[in-house]
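The residues making up each chain are set out below.
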Amino acid sequence: MKVEIYKATDQHANMPNYDEAQENLSWDEVEKAFSWYDTGKINMAYETIDRHVHDGYGDKIALHYKLDDDIQSYTFKEMMENSNKAANVLKDIGVKKGDRVFIFMARSPELYFTLLGALKIGAIVGPLFEAFMEKAVKDRLENSEASTIITTSELVGRVPVDELPDLQHVVVVGDQVDEDQINFRELYQDASDEFDIEWLDKEDGLILHYTSGSTGQPKGVLHVQEAMVQQYISGKYVLDLKEDDIYWCTADPGWVTGTSYGIFAPWLNRTTNVVVGGRFSPESWYDALEKLKVTVWYSAPTAFRMLMGASDDIIEKYDLSSLRHVLSVGEPLNPEVVKWGMDVYKLRIHDTWWMTETGAHMIVNFPSLDIKAGSMGKPLPGVEATIIDDQGNELPPNRMGNLALKKGWPAMMREIWKNKPKYDSYFIGDWYISGDSAYKDEEGYFWFQGRVDDVIMTAGERVGPFEIESKLVEHEAVQEAGVIGKPDPIRGEIVKAFIALREGYEPTDELKEEIRVFVKNGLAAHAAPREIEFKDSLPKTRSGKIMRRVLKAWELDLPAGDLSSMDDN
Ligand code: 6R9
C-alpha cells in the first residue's frame, strides 16, 4: 500500500524536537516540576489549579465553558475558590480521603468544580457518562463500593440508591432536590472558599475509569497521583501546549481522554481550557473553534469523519485561522481523513495511541516528526514499545504481533479494582500486553492493525480490519465502515463489511459491487469484502470506537456482551 508522507515543515521547527526529547527525558527529572520534589507530598488539584494562583497567574483564564451562545469564563483563582467551596461541601457531609466519589452529570462548570473539590479531599474520583442508564451506574458504584455520587436532578432517578448498601451520600446539583438527598447548591452558597488540601503520596489513588471488555463486567482501572508526571509532559510535548494557547479537547470526562487530556494535561501546563456542552453538530463545533479562537484541538476519528461528511459550504462559513495544532485519539485515523485535514484545515492531524489502562500517551505523532498517514507514530520519549509474539519474543520490523509496552511509565494503571488476577493477566514478564495488534516499520513507526481478537484470517492471509475500513471510507458513498471476519467453511473466515452510507446514496446491489471492486483494485483481492451489508449507522462506543464485537455478535446471533459503553443516540 502506498504511504502518504506529510513532512514536518518550518511551521514545526519551533515545536518540541523528538530526538532531543528522546535523549534528554527522564521521568525523575520531570517529577521535579511538582511540589513533592520539595515537600514529598502531592495533590493533583493543587498542581492543576492552586499552584498557578500562588505563582502569580490567578487572573489567567483557566476555563471557557460554552453552551450554544453562552460562554462562561473562570480564572485560575476562580477555579481555586470554586473547587475549595465544593471541597468544603463534600468534607462537611463526611467524604474522606480514599472514598470513591462518582460524578454523574453533563459537562458544566460544576462538574469541574466538584471533581477538583473531591480531589482536594484526597477522594478517588469516578466519572460517568451522562448517558448511562441504571444498570451501568449500579455496576460501577457497586464494584467500587462508592460512598458518594454527585449528580443532577435530571439524572438522579438512574441511581438505584436502595440497591447500593455502601452509598452514603447522594449529592444533587439542581433546583429540585428531595429531602433525603443533599442539596449541593444550597450548601455551596454558604461554603467557605478556603480549604486545606489533603496532601497525598504519589501512589495514592486519583481516578477510577471503568472500561468494557468483550466479555464480563466492566473493569475499574485505577490511576494514582503520579500519573501527572506523564500527563504534564505529554501535554507539553505532544499537545505542544504553550503560554498563549486556547486548547479544546472534545472528549467527555466519562472517557479517559476527557480527564487525562480534558482536565489534567492542560491545567498542569497552565493552559486555557475549553469545554463545550450540548450536542455535536458541525456548525456548533466550528462555531466553538471560531468564537473561542482555539489554537490546539484534540478530537477523535469519528468526529473528524462526521465533519468530513458535512458539506464543504459549512466550513467556509467559519474563520478557523486560530488553529495551529490538531490531534486525534481513540481509533485508527484513516489516511483519507489526514488528507482531508490537510485540505480543509491546512494542518496535519496528529494521531496519538494510548488506552484507559496506560493513563497517558504512549505512541504518538510527535509534532516535529514526519507523519506517515495511517501510522500511530513513535513511542513517547520515556516509553519503550515493541511488537511481541504470543510467547513474549520480540518480532522484527514489519511483522504483525502484539503491541507491548515495557512496564514502568508513570501513568500506568496500578490496579484493576478488586481484581488482581485480571490485572496480572495484562503482563508477560516485563511487558504490558495492550490487546492491540500492530507492526513496526524499519523507521520505528507503529501501524495499528486491530484489536487482537479482530484480526481476520482469510484463506491463510492475515488481514487487519482497519486497512480495509480505511479503503472503504475513501469511496465517495461510504460514511463509515466496520469490517469483521465471518466464519466460512472454505476460507476459514471471509471479510464482511458493514457500511453506513453518506446522505444521498441508495443502498443498491450495484453499489455493493462497485465498492467491492474499489477495494479489490485499491488494496488486494483477498481484502475485498465478500459480503457487504448496509446499515443506517454503526454501533459505536461513546468515545467513538466502532464496536466490531457487536457487528460480530449481530452476524453470529450471539450475545454482544456488556453494552454499557455503547452510544445509543
Ligand atoms: C485513549 C483511548 C483503547 C483502545 C486501544 C485501541 C484503540 C486508541 C488509537 C486506537 C488506533 C489510535 N485506540 N487510540 N487505535 N489508533 N490512535 O482510546 O482509551 O477507550 O481505553 O481505548 O482504543 O484499540 O487499545 P480506550
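Up top is the structure.
Structure report, in brief. (Residues numbered from 1 in each chain as written. Predicted model: local features only at pLDDT ≥ 70, side-chain atom pairs only at ≥ 80, totals over all residues. Heavy atoms only, no water.)

1. Quick word on the pattern of salt bridges
Taken as a whole and judged by the stated rule, the model has 43 salt bridges. Ionic pairing is found between aspartate 287 and lysine 66, a salt bridge with its closest N-O pair at 2.8 Å. Within this pair, whereas aspartate 287 is found in helix H11 (residues 282-291), its partner lysine 66 is found in strand S2 (residues 61-67), the two being separated by 221 residues in sequence. By the burial criterion, aspartate 287 is buried, and lysine 66 matches it. (Salt bridge = Lys/Arg side-chain N within 4 Å of Asp/Glu carboxyl O. Helix = DSSP H or I, 4+ residues; strand = E, 2+ residues; numbered from the N terminus. Buried < 20%, exposed > 50% of the residue type's maximum accessible area, 1.4 Å probe, protein only.)

2. Structural notes on helix H6 (residues 109-121)
The first and last C-alpha atoms of H6 sit 19 Å apart over 13 residues, in line with the 18 Å expected at 1.5 Å per residue. Most of H6 is tucked away: 13 of the 13 residues are buried. (Expected span 1.5 Å × (residues − 1).)

3. As for the side chain of glutamate 469
One can find glutamate 469 in helix H16 (residues 465-474). With relative accessibility at 4%, the residue glutamate 469 sits in the buried group. Here arginine 548 takes part through its side chain, which lies 2.8 Å from a polar atom of the side chain of glutamate 469. Other than its neighbours up to four places away in sequence, glutamate 469 contacts Asn334, Ala481, Gly482, Val483 and Arg548. (Polar contact = N/O pair within 3.5 Å; in protein donor to acceptor, adjacent residues only side chain to side chain. Contact = heavy atoms within 4.5 Å.)

4. Considering the pairing of strand S7 (residues 169-173)
With five of its five residues buried, S7 lies for the most part within the structure. Here S7 shows a buried face lined by His169, Val171 and Val173 and a second buried face lined by Val170 and Val172. Of the pairings in the sheet, the one linking strand S6 (residues 148-152) to S7 comprises five bridges and is parallel in character. Along S7, the bridge assignment pairs threonine 152 with valine 173. Sheet topology places S7 next to strand S8 (residues 182-183); two bridges connect them, and they run parallel. Considered in S8, the bridge of valine 171 is made with isoleucine 182. (Pairing = 2+ DSSP bridges.)

5. Looking at the site of the ligand
Taken together, the neighbourhood of the ligand is formed by 17 residues, with Asp351, Thr352, Thr356, Arg451 and Lys545 sitting nearest. At 3.5 Å, a backbone N or O of proline 332 approaches a nitrogen atom of the ligand. In this structure, an oxygen atom belonging to the ligand sits 2.9 Å away from a side-chain N or O atom of aspartate 436. Here the ligand, which alone exposes 530 Å², has 93% of that area covered by the protein. Among the elements of the structure, helix H10 (256-268), strand S15 (349-353) and strand S24 (446-451) are those that each provide at least two residues to the shell around the ligand. It is S15 that contributes the most residues to the shell around the ligand, three residues altogether. Of the residues assigned to the shell around the ligand, the class counts are eight nonpolar, four polar and five charged. (Near = heavy atom within 4 Å. Areas by Shrake-Rupley, 256 points an atom, 1.4 Å probe, with all protein chains shown as cover. Nonpolar A, V, L, I, M, F, W, Y, C, P; charged D, E, K, R; others polar.)

All we've got here are geometric facts, nothing functional implied.
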